[in-house]
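Fold and geometry: a report
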2 protein chains.
Amino acid sequence: MSDYTKILLEEHEMPRRWYNIVPDLPEPPPPPLHPGTRQPATAEDFAALFPKALIEQEMTQERYVDIPEAVLDVYTLWRPSPLFRARRLEKLLDTPAKIFYKYEGVSPAGSHKPNTAVPQVWYNAQEGIRKLTTETGAGQWGSSLALACVQFGLECEVWQVAASYYSKPQRRTMIEIWGGKVHPSPSEVTEFGRSLLKQDPDHPGSLGIAISEAVSQAVADPKTRYALGSVLNHVLLHQTIIGEEALLQLAKVGETPDVLVGCTGGGSNFGGLAFPFLREKLAGRMNPTIRCVEPTACPTLTKGQYRYDFGDTAGLTPLMKMHTLGHSFIPEPIHAGGLRYHGMAPLVSHVYNLGLVEAIAIPQTECFAGALQFARTEGIVPAPEPTHAIAAAIREALACKASGEEKVILTALCGHGHLDLASYDKYLRGEMVDLDLSDAAIAEAMKDVPEIA
Amino acid sequence: MSDYTKILLEEHEMPRRWYNIVPDLPEPPPPPLHPGTRQPATAEDFAALFPKALIEQEMTQERYVDIPEAVLDVYTLWRPSPLFRARRLEKLLDTPAKIFYKYEGVSPAGSHKPNTAVPQVWYNAQEGIRKLTTETGAGQWGSSLALACVQFGLECEVWQVAASYYSKPQRRTMIEIWGGKVHPSPSEVTEFGRSLLKQDPDHPGSLGIAISEAVSQAVADPKTRYALGSVLNHVLLHQTIIGEEALLQLAKVGETPDVLVGCTGGGSNFGGLAFPFLREKLAGRMNPTIRCVEPTACPTLTKGQYRYDFGDTAGLTPLMKMHTLGHSFIPEPIHAGGLRYHGMAPLVSHVYNLGLVEAIAIPQTECFAGALQFARTEGIVPAPEPTHAIAAAIREALACKASGEEKVILTALCGHGHLDLASYDKYLRGEMVDLDLSDAAIAEAMKDVPEIA
C-alpha cells in the first residue's frame, strides 16, 4: 500500500473564508461598464439581478470574506473535497513528476458548481428573495442551483437550451429531483420566448436566449433574482475554497506545486483553484507556473482579444473587459459544453493580461485520449471539461520524463463524466473530430464587439 | 456548522482484513450441492470457474482473511468510504432518531461492486489467469469488473443482456472506457448464443442466458475464468470491509446502532454491511435489530421458500440452499435492476432462517418517494436499489417520531443514481406503478425447484 493516495481534510479543517485576489494584484481590474452610458457600472445597476450582499462581493476590496455558518454546513455534505496523488497515472506515464488532482466530482451535482450555488442562494434568502431564475445548457449549472435552492427553501426556475432539454434529459431530471422547474428555451413563459416560437415552433434555442428569458423573469418580480454560475468576481470568490483546501492538503504532505494547470470555460473552476496559489506566488512564498487550458474550438485567451464586450449574445449585460471571441461568436458543438463560452472571467483575463498566468489550447481528441489514460489508471471517468486539464498535466508529466525533472503538478478534476458517456462513446468509436477555429471566423465575430477606448 | 456531517477514516485506518461470519454462526450453513450427483460440491467442482484462492475463501472456516497489499492499494482510490449522519433528513422527518448512512457511491463505478471485483481480479492474476468473463444486466457489475481488470492488466469480456445493451448504453460505454469488451447477449460468440439468434435475431436476452454464455467461454480456455458479483460466500466476504469501516466510524463518534437496514438483491451489499455488526451482536457487544429490505416485486426472503435451488435460470450452477422464488422466476421489470434476482445469498438466507436478521418488502413508489426526500435534504441522488434501504430507514425514523425513541439507525447507500435518472423521470411524471406479486405466480415458479431432502 502506498504512503497515501488521497489527502483528506476533516470538516473542522475546512477553510472558513473565501479569498479575493483583487487587493493583491499589482493593478486593479478594469471596472464593468453600464451598457447604455458606458460609464463604470454602479451597485444599483445590478440591483434588479442580484442581492446586495453579492453585489458587494462583486466589488469588494477586502482580501477575505467570511463563509456564513449555514453555507459551511451545506458544504459539509461533500466538502472538504479530496486531493489525490495520481500515482497510477504517473506510473503509466513513467514520469518522475508527481501529479496531484483536486476532485470536485464528489458534490451531489457532480461538479464544482455547487460551491457558488449554495452561497448565492443563501445570500438571496437572507434578503427575502423567494425564487431564483437561471439559464443552463447541458444542465450542470441548473442542477447545482436547484440543489442549493432546495436546501434553503427557495424556488428555482431554469431555462434550459431546448436542444439540450430534449436530447439530454438526464440533468433536467436532476433539476426536478431537487424540486426545480425546467422550461425548454425558448419557452411560452416569456414574451421573448413566445416571439421566437411564433417564428419557429421547433426553435433549438441558445444560451443567449435562455439568459434573456431567465433575466426577464427575474427583473419582473421583486421577490425573484437571477443567478450566474461563472464569469463574475463573486462566483470566482466562492470557488476559491477549492484552492484554499488544496493548499492545506499539499502542506500536509510537504509539497508545493511547480506547475498548476486548470481548464477554463467561464473561468470559475480555474480561478477557484489558482487564485490562492497566485496569492502565494505574488507574496513570494512559492513560484508555480500557472496555466489556463482551453479547447482549440473556443480559444478565448489564446486567440481572443482583450476588449470590453457583452457577457451575453443579445448584448444586455454590462460590458466587461475580458478576453473575448466576440459576443456573437457561436462555438462549434464540442463535447465540453462548459467550455463553450465566447468570453472569459474578467479576473482571469486580467491576470492573464498582466502575465501572471499562461494559457494553452488543446484539441478535444487529445483530451479524450488523456481521459482514457486517466480513467484506466485512476478509475474516475472525468467530465469532458477537465479532460483539458488532464491532457495538459499529461503533457507536463511527459516533458518531465524527457527532462528528468521531478516537478510537482497540480490540477483540478472539476467533475465526473457519468452524464457525458455519449461523448466517450463517440471517441471510442473513432467518430470524434477536432474542430479548429479559423482566424477568419474569429475576425468575423469580433466585428460586433463595441469599440471602447 | 454541525459537529460533523461525515465521519472519515484515513487510509492507514482502513481495515486490513475481511470478516467471515461462518465460524461465528450457531450452526454451519448447508453446503452447495453438485448439480448432477447432488452431493456436497468439492473444490474441484468449481475449479474451471474460479481460481483456487477464491474457492478456498468460498469454503474457509477462518474468521478473518487478510486483504492483499495490492488490493488495499486499489481500494485507496475510493476507500475508506464516508459514513454520513443524515442530519438534514432527520430534520425534515422531525424525528428524534439519528440516521447514519455508509456511502459506497464514491467508487469510480458508483457502487459497492468494485469492493469484490478488485480482489477477484487480483487472485485470478496471481494464478496466471489472463481473462475474466462475466454477465451483466444494466451494467453495474460488468463495469466494476472492467475497472478492476484494467488495474491488473487482465482482459475483461462481458455479456450484457441485449435489451439493456441497446436501451441503456451508458454502462456499456463505461465498460469500454475501462478497456473491457462487451457483447449483447445472446451473442454470435458462443454456440448457445448463435442458436438463440437463429430462432430470433432480435432476441432480448436474459441474465440466465448471459451467465450461460460467459461461463461457456470461461470453461473453454485454461487462462480464462468467470467472475460473479454477488450471492457467493467469497463475494460477501470481500464486501465486509463496508461494515468493518462503519464500525470504526461509529465508534469515533461514540454511537452503536439500534437498527440496521440494508437492501437485498443477491445479498452482497447487505452482508457486507451487516455481518460485522452481526458478529458484534452474537458476541453480546451490541444488540441491533438487523433487517433486510427487498422489493415487493421480488420478495425472495419474505415470500420465497428456503430450499436447494439453482443459481441460474438454465440450471447449470451448483444447487444452493437459499430463499428462492424458483430459478425459472422472472421478476417484473422494476427499476431496481440489482434487486431482480430469484434467489438470495446462501449466507444471508441462513442467518435469516436462524432468526438472526429480519426481512421486509417495500413497494417501489414508496422507495422513490423516500429517495426524493433523501435527495432534497442530503443532496445525493440514490441508485434505485438503496432507495429500498432509505425507505426502510424513513419508516423506522417516523416510528421513532411516534414513540419518542432516540434510536440510532444505520443503513448503506450502496450507489448513486446518475445512470438511473430515467427511473426518477418516470416517478416524477406519475408513471411508476407498484408491481406486487401474486402467490399464484410464486407457486407456479416454485414448481421447477428440485425436490431435495
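As the structure is a computational prediction, the values presented were derived from the model and not from experiment.

A count of helices and strands for chain A gives 18 helices and 15 strands. Seen through its C-alpha atoms, chain A measures out along the principal axes to roughly 60 × 50 × 50 Å. Evaluated residue by residue, chain A yields a buried proportion of 64% over its 453 residues. Counted over contacts in chain A with a minimum sequence separation of 6, partners at least 24 positions apart contribute 76%.

Our next topic: the pattern of salt bridges. Counting across every chain of the model gives 46 salt bridges over all chains. Two residues, Glu280 of chain A and Arg285 of chain A, come together in a salt bridge whose shortest N-O distance is 2.7 Å. Under the relative-accessibility criterion, Glu280 of chain A is labelled buried at 11%. For Asp439 of chain B, the salt bridge identified is with Lys303 of chain B, shortest N-O distance 3.8 Å. With a gap of 136 residues between them, Asp439 of chain B in helix H18 (residues 439-446) and Lys303 of chain B in helix H13 (residues 300-303) connect regions that are remote in the sequence. Overall, the relative accessible area of 56% leaves Asp439 of chain B in the exposed class. Classification of Lys303 of chain B by relative accessible area gives partly exposed; the value is 41%. Each of the salt bridges in this network shares a partner with another, and the network as a whole consists of Arg79, Lys102, Glu104 and Glu245 of chain A.

Before going further, it helps to examine the domain arrangement of chain A. All names here are of chain A. Assigned domains of chain A: these are domain 1 (78-110 + 234-446) and domain 2 (114-228). Tallying the contact residues gives 17 residues for domain 1 and 19 residues for domain 2. Interface of domain 1 and domain 2: buried area, both sides summed, is about 1500 Å²; carbon and sulfur atoms make up 61% of it. When the buried surface of domain 1 facing domain 2 is broken down by residue, Ala109, His238 and Leu419 rank first, second and third, together holding 37% of it.

The omega torsion across Arg79 of chain B and Pro80 of chain B is -10 degrees, close enough to zero to call that bond cis. In the segment running from Ser185 of chain B into Pro186 of chain B, the intervening peptide bond is cis, with an omega of 10 degrees. Mapped onto the elements, Pro186 of chain B comes out in the loop between strand E8 (181-185) and helix H9 (191-199). At Arg38 of chain A, a position not held by glycine, the phi torsion is positive, near 60 degrees. With respect to the element layout, Arg38 of chain A can be found in the loop between strand E2 (17-19) and helix H1 (43-46). Residue Arg38 of chain A is classed as partly exposed on the basis of its relative accessible area of 35%.

This part is about the interface of chain B and chain A. Each partner contributes to the interface: chain B provides 51 residues, whereas chain A provides 50 residues. When chain B packs against chain A, close to 4500 Å² is buried across both sides, 52% of that on carbon and sulfur atoms. Scanning the region where chain B abuts chain A turns up six salt bridges. Counting every contact that joins chain B to chain A gives 29 residue pairs in polar contact (both at pLDDT 80 or more). Secondary structure elements with two or more residues in the side of chain B that touches chain A: helix H3 (69-75), helix H6 (140-152), helix H8 (169-177), helix H15 (364-378) and helix H17 (421-428) of chain B.

Moving on, we get to the sheet that holds strand E9 (residues 224-226) of chain B. All names here are of chain B. One open sheet accounts for four strands, arranged E8-E7-E6-E9; its pairing is parallel. Where the open sheet ends on each side, the last strands, each with one partner, are E8 and E9. Pairwise comparison of adjacent strand axes, ignoring direction, gives a mean angle of 25 degrees for this sheet. Pairing geometry for strand E6 (residues 131-136) and E9, over three bridges, is parallel.

Moving on, we come to the relation of the copies chain B and chain A. Taken as rigid bodies, chain B and chain A are interconverted by a rotation of 180 degrees and an axial shift of 0.0 Å, the fit giving an RMSD of 0.0 Å. Between the two chains, the operation in question is that of a two-fold axis. Of the C-alpha atoms belonging to chain B, the one lying closest to the rotation axis is found on His418 of chain B, 3.2 Å away. Looking at chain B, 98% of its interface residues are interface residues in chain A too, so the copies touch through the same face.

For the structure on display, the rule yields 22 aromatic pairs over all chains. A centroid spacing of 5.0 Å and a plane angle of 70 degrees characterise the contact between Phe368 of chain B and Tyr424 of chain B, whose relative ring orientation is edge-to-face. Of this pair, Phe368 of chain B sits in helix H15 while Tyr424 of chain B is found in helix H17, placing the two residues 56 residues apart along the sequence. One exposure class covers both Phe368 of chain B and Tyr424 of chain B, and it is buried. Chaining the aromatic ring pairs together yields one cluster made of Phe84, Tyr101, Tyr103 and Phe374 of chain A. Here Arg17 of chain A stacks its cationic end above the ring of Tyr64 of chain A, 3.7 Å away from the centre of that ring. The ring of Tyr4 of chain B is capped by Arg87 of chain B, whose NZ or CZ atom sits 4.8 Å from the centre of that ring.

What counts and how
- The numbers attached to residues start from 1 for each chain and follow its sequence in the written order.
- Chain A is the first chain written and ligand 1 is the first ligand written, with later ones labelled in order.
- Only residues with pLDDT of at least 70 get local features here, since the model is predicted, and only at 80 or more are side-chain atom pairs given and counted; chain-wide, interface and lining totals rely on the full set of residues.
- In computing side-chain values, all of the structure's heavy atoms are included and hydrogens and water are not.
- Each helix is a run of DSSP H or I of at least 4 residues and each strand a run of E of at least 2, with the numbering of both proceeding from the N terminus.
- Exposure is judged per residue with a 1.4 Å probe applied to protein chains only, and the accessible area is read against the type maximum: over 50% gives exposed, under 20% gives buried, and values in between give partly exposed.
- Two residues qualify as a contact provided that any one of their heavy atoms is within 4.5 Å of a heavy atom in the partner residue.
- A carboxyl oxygen of Asp or Glu within 4 Å of a side-chain nitrogen of Lys or Arg is what we treat as a salt bridge.
- Residue ranges assigned to the domains are those given by an automatic or database domain assignment.
- The quantity reported as buried area is the accessible area (1.4 Å probe) lost by two parts once they are put together, taken as the sum for both.
- Under the rule applied, a polar contact is a pair of N or O atoms within 3.5 Å (in protein, one hydrogen donor and one hydrogen acceptor; residues adjacent in sequence only if both atoms are side-chain atoms).
- Strands pair, by our definition, only if DSSP identifies at least two bridges between them.
- Convention adopted: a line fitted to C-alpha atoms gives each axis, helices being fitted over their contacting stretch, and angles between N-to-C directions are expressed from 0 to 180 degrees.
- The copies were overlaid by least squares, fitting only the C-alpha atoms of residues that reach a pLDDT of 70 or more in each copy.
- Pairing of aromatic rings covers Phe, Tyr and the six-membered ring of Trp, with a centre-to-centre limit of 6.5 Å; geometry is then stacked below 30 degrees between planes, edge-to-face above 60, and tilted otherwise.
- Our definition puts a charge over a ring when NZ of Lys or CZ of Arg is within 6 Å of the ring centre and also within 35 degrees of the ring normal.

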